[in-house]
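# Coordinates in review
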Amino acid sequence: MKTIARWALAGAMVFAGLSHLFWARKEFQAQVPDLVTDTLPIDKDGVVVASGAVEMMLGAALVVLPKERRRIGIILAAFFVAIFPGNLDQALKKRDGFHLDSDTARWRRLAFQPVLVAWALWSTRD
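What you see is a predicted model; the values in this text were computed from it and never measured.

With that settled, consider the overall build of the chain. A count of helical and extended segments in the chain gives six helices and zero strands. The secondary structure elements of the chain, listed N-terminal to C-terminal, are α-α-α-α-α-α. By principal-axis analysis of the C-alpha atoms, the chain measures approximately 40 × 30 × 25 Å. Here the chain holds 126 residues, and the buried ones make up 39% of them. The contacts of the chain with a sequence gap of at least 6 include a subset with a gap of at least 24, amounting to 67%. Total accessible area computed for the chain in this model is approximately 7300 Å², and 69% of it derives from carbon and sulfur atoms. Across the chain, the mean location of the 16 positive side-chain charges is 9 Å away from that of the 12 negative side-chain charges.

This is the structure:
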């Protein structure tokens, strides 16, 4: 069961990463808090591209580096925690993006974030 869950998570991460780079770039920019681009020398598109690349690498690593799966699971869980402020910012500022065009949809997504953290940790434990 854990193997299936891990592979499903890996596939979801690679798919999400590809969508960051290609068909949903503008959509994901709605999730980048203004504070990030006001503080760092990077624009929203750069953040989206970088996070997409990280998502693809983590997804691939879940499959191709089985001896490191526990460590990758921890890193992936930390990644999900790190992107939470962007999702919260999107909800608080009521920004549409990635089919999150209502308060209900945006807050539902926030509630799903702990599930992603738990999924990453559980599916990578021996």
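With that settled, the discussion passes to the packing of aromatic side chains. With the rule as written, the count across this model stands at two aromatic pairs. Aromatic pair Phe 15 and Trp 23: ring centres 5.4 Å apart, planes at 50°, arrangement tilted. Residue classification places Trp 23 among the exposed positions, given a relative accessible area of 53%.

Interhelical geometry of helix α5 (residues 69-92) versus helix α6 (residues 103-123) gives an angle of 175° and a closest axis separation of 9 Å. The orientation of α5 with respect to α6, classified from their angle, is roughly antiparallel. Classifying every residue of the contact of α5 with α6 gives 16 nonpolar, four polar and two charged.

Relative to the helices and strands, Trp 122 is located in helix α6. Along the sequence, Trp 122 and Gln 90 sit 32 residues apart, while their C-alpha atoms lie 28 Å from each other. Beyond its immediate chain neighbours, meaning those up to four positions away, Trp 122 contacts Met 1, Lys 2 and Ala 5.

Moving on, we get to the environment of Arg 70. Structurally, Arg 70 is set in helix α5. On a C-alpha basis, the gap between Arg 70 and Thr 124 in space is 4.9 Å, while along the polypeptide they are 54 residues apart. In this view, Arg 70 contacts Thr 124 and Arg 125; residues no more than four positions away in its chain are not counted.

Another aspect to go through is the UniProt feature "transmembrane region" (unreviewed entry) in the chain. Taking the numbering used here, the UniProt-annotated feature "transmembrane region" (unreviewed entry) corresponds to residues 48-65 and 72-88. Across residues 72-88 one finds 100% helix and 0% strand; the C-alpha atoms that close the span lie 24 Å apart.

Scoring rules and cut-offs
- Residues numbered from 1 in each chain as written.
- Predicted model: local features only at pLDDT ≥ 70, side-chain atom pairs only at ≥ 80, totals over all residues.
- Heavy atoms only, no water.
- Helix = DSSP H or I, 4+ residues; strand = E, 2+ residues; numbered from the N terminus.
- Buried < 20%, exposed > 50% of the residue type's maximum accessible area, 1.4 Å probe, protein only.
- Contact = heavy atoms within 4.5 Å.
- Areas by Shrake-Rupley, 256 points an atom, 1.4 Å probe, with all protein chains shown as cover.
- Lys, Arg positive; Asp, Glu negative; His and termini not counted.
- Charge placed at Lys NZ, Arg CZ, Asp CG, Glu CD.
- Phe/Tyr/Trp six-rings, centres within 6.5 Å; stacked < 30°, edge-to-face > 60°.
- Axes fitted to C-alpha atoms, helices over the stretch in contact; angles between N-to-C directions.
- Parallel < 35°, antiparallel > 145°, perpendicular 65-115°, else oblique.
- Nonpolar A, V, L, I, M, F, W, Y, C, P; charged D, E, K, R; others polar.
- UniProt positions renumbered as here; feature names shortened; annotations may be inferred.

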